[in-house]
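The lines below spell out each chain.
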Protein chains: 2
Amino acid sequence: MRPGGRSARIRALVLAAVRADLVEHGYDSLTIDTIADRSGVHRTTVYRRWRDVGGLLADVLTEATADIWQPPDTGTLEGDLSAINREIYTALTADPPITTALIAASFRSPDAARALQAFWSDRYARCRPVVDHAVARAEIPADTDPHRLLIAATAPLYHQLVLLRAPASPELPDQAAHDAAVAATAGAFTSSSTSPRRSA
Amino acid sequence: MRPGGRSARIRALVLAAVRADLVEHGYDSLTIDTIADRSGVHRTTVYRRWRDVGGLLADVLTEATADIWQPPDTGTLEGDLSAINREIYTALTADPPITTALIAASFRSPDAARALQAFWSDRYARCRPVVDHAVARAEIPADTDPHRLLIAATAPLYHQLVLLRAPASPELPDQAAHDAAVAATAGAFTSSSTSPRRSA
DNA sequence: ATCCTAACGCTACAGTCGTCGTGATAGGAG
DNA sequence: CTCCTATCACGACGACTGTAGCGTTAGGAT
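What you see is a predicted model; the values in this text were computed from it and never measured.

Draft legend 1. Focus on the pattern of salt bridges. Residues and elements named next belong to chain A. A complete count under the given rule lists 23 salt bridges over all chains for this structure. The salt bridge involving Arg38 is made with Glu24; its shortest N-O contact spans 2.7 Å. Placement of the pair is Arg38 in helix 2 (residues 32-39) and Glu24 in helix 1 (residues 6-25), with a sequence separation of 14 residues. A relative accessible area of 47% means that Glu24 is categorised as partly exposed. Sharing partners across several salt bridges, the network here consists of Asp21, Glu24 and Arg38.

What follows is the structure, encoded as structure tokens:
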């Protein structure tokens, strides 16, 4: 019943319908009813298994996410961060906007929120070697906080494209990567450099 | 009819109902019907004037936003950025979460999206003197891009609290401010320091 | 004081969402 | 091969959305 049986077939049908509808009509028209009609699976079945549109997108993400992903290794911190940011930039400006759709859905669907959280958590963890290599090359201090550096490098991209809805400009990824690399080189993300400060 | 008349009274009634319902039941249960019942204003009237929930939240924001807002002036760049970030942190962790609700709504309502965009655009523009003062004090290079610096300082907050949904930790604002200030001091956000780089 | 018009109230409607109870069926276990 | 159960199909339901038409009213203008 589980692996090769009816359930698996239904799931494949539904997820295929989601992807197909996503490329044709985008995220806004993505409704449970549409997917049910398109896949030939009944409404209530889709509701029972996926709860809402967010659940559907979450399942599409987890299915599409290759967990073989490896961070870049260009030889310099800035190069690595640039490569990461270009990948994010591509995902956020892609068509169909699956990532953006999932982000939008995450505000209404706990399933989508969890899937996104898990995805990002995994990716940031996998990027940690980028920082380690930079430390090994003595580009940045040894006590640099990897997570904080990676957040600083990538956050401007998300902020500009997702929240501020700024027009996509191709130099954005490299700029953010450069700025974060300079900051790290100057010793910004070290635990020692932030706690003693307690200005008014 | 306009300023002190019926329209203004209706608007006050509805917006008060929105705020009240927001503090009691949060964003999820915020529906047009609820607001109509609560305010005593008819459904169709609410739909006509505000279109959807996003329109309501947008109006609440514009009404609540004092356009007398001034950026901090603590005497140092890091101090100013910290003050700004603490304000953002407070807004994003506030209860009721009006800002978060508006961000969520902005993905479904053009009105909410526009209101947010206008709000942020205004705030970032008003923060520009912070960077100018830092330049005047010779803390950072004169060709520092103000917008880029401000984005870098504030983006990690939004990213962590809104998208990554990380647990709120009070040192976040100061950390991000510190890191951005160090980056700016090291000459990160200058136009000259990013264009020549074109590494593999 | 009287008109005039913008704004509101009301009813009705079609569409979507999400859930529930009931019956049918596929496919694994014995 | 037969049973047993998880899963699906079906129909119906209440709630919310968003719109349209039409009557009503408040309040500014002359």
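Draft legend 2. Fine view of helix 4 (residues 53-64) of chain B. Residue and element names in this part refer to chain B. Over its 12 residues, helix 4 extends 17 Å from the first C-alpha to the last, a length consistent with the 16 Å expected when each residue adds 1.5 Å. Among the 12 residues in helix 4, nine count as buried, and that is most of the element. Along helix 4, the residues classified as buried are Val53, Gly54, Gly55, Leu56, Leu57, Ala58, Asp59, Val60 and Leu61. Where helix 4 is buried, its residues meet helix 1 (6-25), helix 2 (32-39), helix 3 (43-50), helix 6 (98-106) and helix 7 (110-126). The distance from a side-chain oxygen at the start of helix 4 to the backbone nitrogen of Gly54 is 3.2 Å, and the residue carrying that oxygen is Asp52.

Draft legend 3. Region of interest: the domain arrangement of chain A. All names here are of chain A. The domains assigned to chain A are domain 1 (6-50) and domain 2 (77-191). A straight line from the C-alpha centre of domain 1 to that of domain 2 covers 31 Å. Facing four residues of domain 1, the contacting portion of domain 2 comprises seven residues. Between domain 1 and domain 2 the total buried area reaches about 430 Å² when both faces are included, carbon and sulfur atoms providing 73% of it.

Draft legend 4. Quick peek at unusual backbone geometry. All names here are of chain B. In this structure, the amide linkage connecting Asp95 to the following residue, Pro96, adopts the cis form with an omega of 5°. Relative to the elements of secondary structure, Pro96 occurs in the loop between helix 5 (77-92) and helix 6. Located in the positive-phi region is Arg51, a residue other than glycine, with phi close to 70°. A positive phi is found at Ala138, a non-glycine position, where the angle reads about 60°.

Draft legend 5. Fine view of the relation of the copies chain B and chain A. You can overlay chain B on chain A at an RMSD of 0.3 Å; the transform is a turn of 179° with a shift of 0.0 Å along its axis. On this basis, the relationship between the two copies can be described by a two-fold rotation axis. Taking the C-alpha atom as reference, chain B places Ala183 of chain B closest to the rotation axis, 2.1 Å from it. Comparing interface residues between copies, 100% of those in chain B also lie at the interface in chain A; the contact surface is shared.

Draft legend 6. Examining the packing of aromatic side chains more closely. Summed over all chains, the structure comprises three aromatic pairs over all chains. Aromatic side chains Phe107 of chain A and Phe107 of chain B sit 5.3 Å apart centroid to centroid with 20° between the ring planes, which places their arrangement in the stacked category. Here Phe107 of chain A is found in the loop between helix 6 (98-106) and helix 7 (110-126), whereas its partner Phe107 of chain B is found in the loop between helix 6 and helix 7 on a different chain. In this structure Phe107 of chain A comes out as buried when scored by relative accessible area, which is 13%. Judged by centre distance (5.4 Å) and plane angle (85°), the ring pair of Trp120 of chain B and Tyr158 of chain B falls under edge-to-face. One end of the pair, Trp120 of chain B, is in helix 7; the other, Tyr158 of chain B, is in helix 9 (residues 146-163), and 38 residues separate them in sequence. Assessed through its relative accessible area of 3%, Trp120 of chain B is described here as buried.

Draft legend 7. Summary view of the environment of Ala94 of chain A. Following the sequence through the fold, Ala94 of chain A ends up in the loop between helix 5 (77-92) and helix 6. Along the backbone, Ala94 of chain A and Leu150 of chain A are 56 residues apart, and their C-alpha atoms lie at a distance of 22 Å.

Draft legend 8. Focus on the interface of chain B and chain A. Opposite the 42 residues of chain B that make contact, chain A presents 42 residues. Carbon and sulfur atoms make up 61% of the surface buried where chain B meets chain A, a total of about 3800 Å² over both sides. Applying the counting criterion to the chain B and chain A interface returns two salt bridges. Where chain B packs against chain A, one counts six residue pairs in polar contact (both at pLDDT 80 or more). Looking at the side of chain B that touches chain A, the elements that each hand over two or more residues are helix 5, helix 6, helix 7, helix 9 and helix 10 (172-185) of chain B. Class assignment for the residues of the side of chain B that touches chain A results in 20 nonpolar, 13 polar and nine charged.

Draft legend 9. Empty space enclosed by the protein, seen in detail. If you walk through the whole model with that rule in mind, you get two cavities of 30 Å³ or more. Counted as a void, the largest cavity has a volume near 330 Å³. Forming the boundary of the largest cavity are 26 residues, of which Ala152 and Pro156 of chain A together with Ile151, Ala152 and Pro156 of chain B lie nearest the centre. Only helix 9 (146-163) and helix 10 (172-185) of chain A together with helix 9 and helix 10 of chain B provide two or more residues apiece to the lining of the largest cavity. By residue class, the composition of the lining of the largest cavity is 18 nonpolar, four polar and four charged.

Draft legend 10. Expanded view of the packing of helix 9 of chain A against helix 10 of chain A. Residues and elements named next belong to chain A. Their axes nearest at 9 Å, the elements helix 9 and helix 10 cross at an angle of 150°. With respect to helix 10, the element helix 9 is oriented roughly antiparallel. As helix 9 runs across helix 10, the sense of the crossing is right-handed. Where helix 9 approaches helix 10, its residues Leu149, Ala152, Ala153, Pro156, Leu157, Gln160 and Leu161 are matched on the opposing element by Leu172, Pro173, Ala176, Ala177, Ala180 and Ala184. Taken together, the residues of the contact of helix 9 with helix 10 sort by class into 12 nonpolar, one polar and no charged.

What counts and how
- Residues numbered from 1 in each chain as written.
- Chains lettered and ligands numbered in written order.
- Predicted model: local features only at pLDDT ≥ 70, side-chain atom pairs only at ≥ 80, totals over all residues.
- Heavy atoms only, no water.
- Salt bridge = Lys/Arg side-chain N within 4 Å of Asp/Glu carboxyl O.
- Helix = DSSP H or I, 4+ residues; strand = E, 2+ residues; numbered from the N terminus.
- Buried < 20%, exposed > 50% of the residue type's maximum accessible area, 1.4 Å probe, protein only.
- Expected span 1.5 Å × (residues − 1).
- Contact = heavy atoms within 4.5 Å.
- Polar contact = N/O pair within 3.5 Å; in protein donor to acceptor, adjacent residues only side chain to side chain.
- Domains from an automatic or database assignment.
- Buried area = accessible area lost by both parts, 1.4 Å probe.
- Least-squares fit on C-alpha atoms with pLDDT ≥ 70 in both.
- Phe/Tyr/Trp six-rings, centres within 6.5 Å; stacked < 30°, edge-to-face > 60°.
- Nonpolar A, V, L, I, M, F, W, Y, C, P; charged D, E, K, R; others polar.
- 1 Å grid on protein atoms, 1.4 Å probe; cavity = no way out; pocket = protein on both sides within 12 Å on 5 of 7 lines; lining within 4 Å.
- Points joined across faces, edges and corners; volume = space filled by probe spheres on them.
- Axes fitted to C-alpha atoms, helices over the stretch in contact; angles between N-to-C directions.
- Parallel < 35°, antiparallel > 145°, perpendicular 65-115°, else oblique.
- Left-handed = near helix turned anticlockwise from the far one by under 90°.

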